[in-house]
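Below, each chain spelled out in residue letters.
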Amino acid sequence: MTGGKLSIVVGSPVIAAVAARAAAGTPGVARLEPGVRGLLTVLTRAGRQRWTEADPAPTEGVRVRVTGAGLIVHVDITVRANAPAAEVGSAVQEHVAREVGEHTGQPVDAVCVHILDIEPEL
């Protein structure tokens, strides 16, 4: 192949999987929360998995929107009670933006973190 232009497209499910892994690995995050929209996505993906016998990476709690300026990533999380929620949210934003940019080569325009719950200490 000579003189041709190579184009690589990274799909939204791959971007969401990278973002989910980054968010879940951020200190202070107890878990990702699928939310109502996420539950619909989970059901759709489960049906697709049964049909194709595929086992894609988990993306529950993450939604990706592609815009002209870059990616907008929404992450729904539960934070641990002993972690300051604002600091955890900020850390998730930074970690997700960095990891998605490094692993996919896609520019991240915004990471919106939604803290849906605080996990009580036992």
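Residues numbered from 1 in each chain as written. Predicted model: local features only at pLDDT ≥ 70, side-chain atom pairs only at ≥ 80, totals over all residues. Heavy atoms only, no water.

Looking up the protein chain in an unreviewed UniProt entry gives the name Asp23/Gls24 family envelope stress response protein, with the organism given as Nocardia speluncae. Heading Sequence similarities (unreviewed entry) of the UniProt record for the protein chain holds this comment: "Belongs to the asp23 family." (UniProt positions renumbered as here; feature names shortened; annotations may be inferred.)

In a regular helix each residue adds 1.5 Å, so 13 residues correspond to 18 Å; helix α1 (residues 12-24) covers 18 Å between its end C-alpha atoms and thus fits that length. Among the residues making up α1, those that are buried are Ile 15, Ala 16, Ala 17, Val 18, Ala 19, Ala 20, Ala 22 and Ala 23. The inward-facing, buried residues of α1 contact β1 (29-32), β2 (62-66), β3 (71-80) and α3 (85-104). (Helix = DSSP H or I, 4+ residues; strand = E, 2+ residues; numbered from the N terminus. Expected span 1.5 Å × (residues − 1). Buried < 20%, exposed > 50% of the residue type's maximum accessible area, 1.4 Å probe, protein only. Contact = heavy atoms within 4.5 Å.)

What follows deals with the nonpolar core. Of all hydrophobic cores here, the largest spans 22 residues; its most connected members are Val 62, Val 73, Val 75, Ile 77, Val 92 and Val 96. When contributions to this core are tallied by element, the ones reaching two or more residues are α1, β1, β2, β3 and α3. No other element matches the seven residues that α1 contributes to this core. (Core = buried A, V, L, I, M, F, W, Y, C linked by side-chain atoms within 4.5 Å.)

Time to look at the confidence of the model for the protein chain. Averaged over every residue, the pLDDT of the protein chain is 84; the share at 70 or more is 78%. Element-level pLDDT for the protein chain is lowest in helix α2 (residues 35-52), with a mean of 57, against a maximum mean of 96 in α3. (pLDDT = per-residue confidence, 0-100.)

Another point: the pattern of salt bridges. Evaluated as defined, the whole model comprises four salt bridges. Linked by salt bridges that have partners in common, Arg 31, Glu 33, Arg 80 and Glu 119 make up one network. (Salt bridge = Lys/Arg side-chain N within 4 Å of Asp/Glu carboxyl O.)

Attention now goes to the side chain of Thr 78. Structurally, Thr 78 can be placed in strand β3. Assessed through its relative accessible area of 0%, Thr 78 is described here as buried. For Thr 78, the residues in contact, after removing those within four places along its chain, are Gly 28, Val 29, Ala 30, Arg 31, Glu 33, Asp 117, Ile 118 and Glu 119.

One turn of the α-helix equals 3.6 residues, which is why residues spaced by three or four share an orientation. Look at α3: 28 Å from first C-alpha to last across 20 residues, which is about the 28 Å you get at 1.5 Å a residue. Those residues of α3 that sit buried are Val 88, Gly 89, Val 92, His 95, Val 96, Glu 99, Val 100 and Thr 104. Looking straight down α3, one finds that the buried residues subtend no more than 135 degrees of arc, so they occupy a single side. Those residues of α3 that are exposed and aimed more than 90 degrees away from the buried face are Ala 86, Glu 87, Glu 94 and Glu 102. Buried positions along α3 lie against α1, β1, β3 and β4 (108-119). (Arc of directions from axis to C-beta.)

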